[in-house]
Amino acid sequence: MKTLAWCLSIAAFLWCISLSSRLKRVERILKEPEVRREEASLGQILSKNIGSCVKLELEDDCDCNFDNTPCRILDTDEKWVLVRQEKKGFEGLIRIRQIKGLEFVEE
C-alpha cells in the first residue's frame with residue numbers, strides 16, 4: 001500500500017511540474033503583445049511563399065520533427081502552416097507562433 005501511495009505521489013509531482021511549465025509559457029505569451037504582430041507578419045510571409053522549400057527553427061517546447069530540416073510549405077492560414085518534410089515525405093501542422101526563425105533553401 002505504501003508503494004502505491006509513493007508511486008501516486010511521484011506521478012502527482014510530475015504532473016504539477018508539467019502544469020507549471022505550461023503556465024509559464026502562457027504567461028510569457030500574454031506578456032508579449034508584439035508576438036501577435038510577429039505571428040501575423042510571419043503568417044503573411046509563409047502564405048506568399050507557398051510551395052517554397054524552407055528550414056524552420058522551432059521553439060524548444062515544440063514536439064515536431066521539422067526543426068532545421070528542409071520542408072516544403074503546402075498551405076497556411078492565420079495560425080497554422082502545413083509543411084511536408086522533403087526527404088522523409090511526411091506532412092505536419094505547425095503553429096505559426098512556435099516558429100522562431102525561417103530560412104529559405106535552394107531546391
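Thresholds, definitions, all that
Residues numbered from 1 in each chain as written. Predicted model: local features only at pLDDT ≥ 70, side-chain atom pairs only at ≥ 80, totals over all residues. Heavy atoms only, no water. Pairing = 2+ DSSP bridges. Helix = DSSP H or I, 4+ residues; strand = E, 2+ residues; numbered from the N terminus. Axes fitted to C-alpha atoms, helices over the stretch in contact; angles between N-to-C directions. Buried < 20%, exposed > 50% of the residue type's maximum accessible area, 1.4 Å probe, protein only. Contact = heavy atoms within 4.5 Å. Core = buried A, V, L, I, M, F, W, Y, C linked by side-chain atoms within 4.5 Å. Salt bridge = Lys/Arg side-chain N within 4 Å of Asp/Glu carboxyl O.

Q: Got a minute to help me understand the sheet that holds strand S1 (residues 53-58) in this structure?
A: The sheet built from five strands is open, its strands ordered S4-S3-S2-S1-S5 with antiparallel pairing. Where the open sheet ends on each side, the last strands, each with one partner, are strand S4 (91-95) and strand S5 (99-104). With direction set aside, neighbouring strand axes in the sheet form an average angle of 45°. Both strand S3 (residues 80-85) and S4 contribute to a ladder of five bridges, which runs antiparallel. In the strand pairing of S4, leucine 82 is matched with leucine 93.

Q: Please explain the environment of valine 54 as it appears in this structure.
A: If you trace the backbone, valine 54 turns up in strand S1. Taking the relative accessible area as the measure of exposure, valine 54 reaches 1% and is therefore buried. As for valine 54 and arginine 72, which are separated by 18 residues in sequence, their C-alpha atoms are 6.2 Å apart. When residues no more than four places from it in sequence are discounted, the contact partners of valine 54 are Thr69, Pro70, Cys71, Ile73, Leu102, Glu103, Phe104 and Val105.

Q: What's the story with the nonpolar core in this structure? I'm lost.
A: The tendency in soluble globular proteins is for nonpolar side chains to be buried side by side. Ranked by size, the top nonpolar core spans 14 residues in total, and within it Leu46, Leu56, Leu58, Val81, Val83, Ile94 and Ile99 carry the most contacts. Top element by residues in this core is S1. It accounts for three residues.

Q: Please clarify how the side chain of glutamine 98 should be interpreted in this entry.
A: Residue placement: glutamine 98 occurs in the loop between S4 and S5. Sequence-distant contacts of glutamine 98, that is, excluding residues within four places in its chain, are made with Glu57, Leu58, Glu59, Asp61 and Cys62.

Q: Whenever I open this one, the pattern of salt bridges confuses me. Can you help?
A: Between side chains of opposite charge, a pair can form when the charged atoms approach closely. Per the counting criterion, the structure on display carries two salt bridges. With a shortest N-O distance of 3.9 Å, glutamate 57 and lysine 100 are connected by a salt bridge. With glutamate 57 in strand S1 and lysine 100 in strand S5, this residue pair connects regions lying 43 residues apart in the sequence. In this structure glutamate 57 comes out as partly exposed when scored by relative accessible area, which is 37%. We classify lysine 100 as partly exposed; its relative accessible area is 45%. The partner of arginine 84 in a salt bridge is glutamate 91, with the nearest N and O atoms 3.9 Å apart. According to the relative accessible area criterion, glutamate 91 is partly exposed, its value standing at 47%.

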